[in-house]
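# Understanding the architecture of this molecule
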Amino acid sequence: MPFLLESFQFHKVDLILRKREGKKTEYKEIQVKYGRLYECGPKWEQKHFDHTSWKFMRPEEFSNFDNLYIAYVLSPESGYKGDIFIFPVKDFNLLLQQAIPSKTAKGLQHRVYFSHCIHDDRWYMRKQAKFEELTEESVVDITQYRRAFDLLD
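So, here's what we can say about the structure. (Residues numbered from 1 in each chain as written. Predicted model: local features only at pLDDT ≥ 70, side-chain atom pairs only at ≥ 80, totals over all residues. Heavy atoms only, no water.)

This part is about the pairing of strand E9 (residues 123-126). Here E9 shows no split at all, with Trp-123 and Met-125 on one side and Tyr-124 and Arg-126 on the other all buried. Sheet topology places strand E8 (residues 107-117) next to E9; three bridges connect them, and they run antiparallel. Bridging across to E9, Phe-114 finds its partner in Met-125. Between E8 and E9, which pair antiparallel in sequence order, lie five residues; one of them, Asp-121, sits at a positive phi of approximately 55°. Examined bridge by bridge, E9 and strand E10 (residues 139-141) share three bridges and lie antiparallel to one another. Its bridge partner lying in E10, Arg-126 is registered against Val-139. (Buried < 20%, exposed > 50% of the residue type's maximum accessible area, 1.4 Å probe, protein only. Helix = DSSP H or I, 4+ residues; strand = E, 2+ residues; numbered from the N terminus. Pairing = 2+ DSSP bridges.)

Once that is clear, we can look at the pattern of salt bridges. Evaluation of the coordinates by the stated rule reveals eight salt bridges. Note that Lys-28 and Glu-26 form a salt bridge whose closest N and O atoms lie 3.0 Å from each other. (Salt bridge = Lys/Arg side-chain N within 4 Å of Asp/Glu carboxyl O.)

Written out as C-alpha cells, the structure is:
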C-alpha cells in the first residue's frame, strides 16, 4: 500500500461539491482558508478600516490549479458573522500576486490582508503595508467575492 500512495500526487482539498443535472454530475473542489478578524490598532489603519485579517501565503501556492475555488472564511474571536469570500482560483492567484511581499524564514511569502472599510462598507485586499488613501495602488476591492456562492453554479 505505501508504494501505491507514493505514486499519487495529493492536493489539499477541504470540500467537494457535487451537482447533478440529469445523468451529468459536476464536481467543484474548494479549499477553505480561515482568517481571524482583528480590530484595527494603528491610527493610520483606523482612519480607513475597523477590522482586518492577515495571513502569509506563498505567491505560487495556487498557480498549478485550474478548477479550484478558494473559500476564505473570516471570523472575529466572538464567532462567525457571515464573512466568507468565494474566489475562483485564477482570481485568487491574481490577488495573491498583488499582496505585500515579505521575506520570512520560509522564503518569500506574501502578506495577504483583507480589511473592512469604515467609509463605504466594502472589503479590500491591501497592496501596500501602509498608506494614507485608498487608491488603485494601495488596495484592491474584493467586495464582489463576499458571499459569492453564485460563482459555484
